[in-house]
Amino acid sequence: LTAQNTRGVQGVHAVPAEFVGQQMDSVLTDIGATAVKTGMVADADVAALVACKVAQHGLPPLVVDPVMVASSGAVLVTPEVGKQVRKLLFPMATVVTPNLPEASFLLGGEPITTREQMFDAASALHSMGPQWVLLKGGHSGGDLASDLLYDGTTFYELEAERVASSNTHGTGCTLGAA
């Protein structure tokens, strides 16, 4: 659980994996789901449990939004969590939606600052199993916001004029849910 607003995250409380499983079973055995989106997966046990529940309940399409790095640049999870998300959830995903700092974290920490590095990162992330990669480029700066969508064959560059705002926290999660 997070305490957050449009300016940032003020606190994080990891929920035990057992409780996450109970919540998933509770909702999925009652009303079901036609799509599922992950957000912040706080620990490796939760990643493993979510993967198990997705398989158990047959839940495609799955959107994996690997919320792992705060807007401030602070890393929110351990490298083990990144490893488990890559290993267990990426192969099940219809689409993964990391922003540039998250993609960097998932790929070993090298900053992604150029267009060419975005293409390389999308390709590397795709090789981990998802059907699609939507690399969110909002952290890149400049007058244009540039995202990159990749299906393993074709790159689609999505650009729009950047909107000036100090209330941008959560926009990537909203895009991942769209």
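The structure presented is a predicted model; accordingly, all values stated were derived computationally and were not measured.

Draft legend 1. Seen up close, the overall build of the chain. Looking only at helices and strands, the chain features 6 helices and 8 strands. Starting at the N terminus, the α and β elements of the chain follow one another as β-β-α-β-α-β-α-β-α-α-β-β-β-α. Taken across its 178 residues, the chain has 37% of its residues classed as buried. Counting only carbon and sulfur atoms, one obtains 55% of the accessible surface of the chain, whose full area is about 9600 Å².

Draft legend 2. Molecular detail of the pairing of strand 2 (residues 8-12). Pairing of strand 1 (residues 2-5) with strand 2, which is carried by 4 bridges, proceeds in the antiparallel orientation. By the bridge assignment for strand 2, Thr2 is matched with Val12. Between the antiparallel neighbours strand 1 and strand 2 lie 2 residues.

Draft legend 3. Expanded view of the side chain of Glu102. Checked against the element boundaries, Glu102 lands in helix 4 (residues 100-106). It turns out Glu102 is buried and unbridged, and the closest side chain with the opposite charge, Lys136, is 4.7 Å from it. At a separation of 3.4 Å, a polar atom in the side chain of Glu102 contacts the main-chain amide nitrogen of Met68.

Draft legend 4. Structural view of the pattern of salt bridges. Scanning the model with the defined rule gives 4 salt bridges in all. Linking Asp65 and Lys136 is a salt bridge whose minimum nitrogen-to-oxygen distance equals 3.2 Å. Pair noted here: Asp65 is in the loop between strand 4 (62-64) and helix 3 (79-89) and Lys136 is in the loop between strand 6 (132-135) and strand 7 (144-150), with a separation of 71 residues, a long-range link. Pair check on accessibility: Asp65 and Lys136 agree, each one buried. Between Arg115 and Glu157 there is a salt bridge, with the nearest N and O atoms lying 2.6 Å from each other. Of this pair, Arg115 sits in helix 5 (residues 115-126) while Glu157 sits in strand 8 (residues 155-161); the two residues are 42 residues apart in sequence, bridging distant segments of the chain. On the basis of relative accessibility, which here comes to 41%, the residue Glu157 falls in the partly exposed class. Via salt bridges that share partners, Lys37, Asp65 and Lys136 belong to a single interconnected network.

Draft legend 5. Broad picture of helix 5. Over its 12 residues, helix 5 extends 17 Å from the first C-alpha to the last, a length consistent with the 16 Å expected when each residue adds 1.5 Å. For helix 5, every residue scored as buried is listed here: Met118, Phe119, Ala121, Ala122, Leu125 and His126. For helix 5, the arc enclosing every buried residue in end-on projection is 165°, short of the 170-degree limit, so these residues lie on one face. On its buried side, helix 5 packs onto helix 4, strand 6, strand 7 and strand 8.

Draft legend 6. Region of interest: the sheet that holds strand 3 (residues 36-38). Spatial strand order, 3-4-5-6-7-8: 6 strands in an open sheet with mixed pairing. Since the sheet does not close on itself, it has two edges, and those belong to strand 3 and strand 8, each with one partner. Relative to strand 6, strand 5 (residues 95-96) is paired through 2 bridges, and the arrangement is parallel. Within strand 6, the position partnered with Val95 by the bridge is Trp132. In the packing of helix 5 onto the sheet, contacts are made with strand 6, strand 7 and strand 8, and the angle to strand 7 comes to roughly 30°.

Draft legend 7. Highlighting the nonpolar core. Counting residues in each nonpolar core, the largest one holds 39 residues, and the members touching the most others are Val64 and Val85. Of all the elements, helix 2 (residues 44-57) adds the most residues to this core, at 6 residues. Not counting residues within four places of it along the chain, the set of residues in contact with Val85 comprises Val41, Ala47, Val64, Met68 and Phe90.

Draft legend 8. Local environment of the packing of helix 1 (residues 17-28) against helix 2. Closest axis-to-axis distance for the helix 1/helix 2 pair is 9 Å, and the angle between their directions is 20°. Accordingly, the angle class assigned to the pair helix 1 and helix 2 is roughly parallel. The two elements helix 1 and helix 2 meet at a crossing, and its hand is right-handed. Counting all contacts with helix 1, which are made through Ala17, Val20, Gly21, Met24, Asp25 and Leu28, the residues of helix 2 involved are Asp45, Val46, Leu49, Val50, Lys53, Gln56 and His57.

Scoring rules and cut-offs
- Residues numbered from 1 in each chain as written.
- Predicted model: local features only at pLDDT ≥ 70, side-chain atom pairs only at ≥ 80, totals over all residues.
- Heavy atoms only, no water.
- Helix = DSSP H or I, 4+ residues; strand = E, 2+ residues; numbered from the N terminus.
- Buried < 20%, exposed > 50% of the residue type's maximum accessible area, 1.4 Å probe, protein only.
- Areas by Shrake-Rupley, 256 points an atom, 1.4 Å probe, with all protein chains shown as cover.
- Pairing = 2+ DSSP bridges.
- Lys, Arg positive; Asp, Glu negative; His and termini not counted.
- Salt bridge = Lys/Arg side-chain N within 4 Å of Asp/Glu carboxyl O.
- Polar contact = N/O pair within 3.5 Å; in protein donor to acceptor, adjacent residues only side chain to side chain.
- Expected span 1.5 Å × (residues − 1).
- Arc of directions from axis to C-beta.
- Contact = heavy atoms within 4.5 Å.
- Axes fitted to C-alpha atoms, helices over the stretch in contact; angles between N-to-C directions.
- Core = buried A, V, L, I, M, F, W, Y, C linked by side-chain atoms within 4.5 Å.
- Parallel < 35°, antiparallel > 145°, perpendicular 65-115°, else oblique.
- Left-handed = near helix turned anticlockwise from the far one by under 90°.

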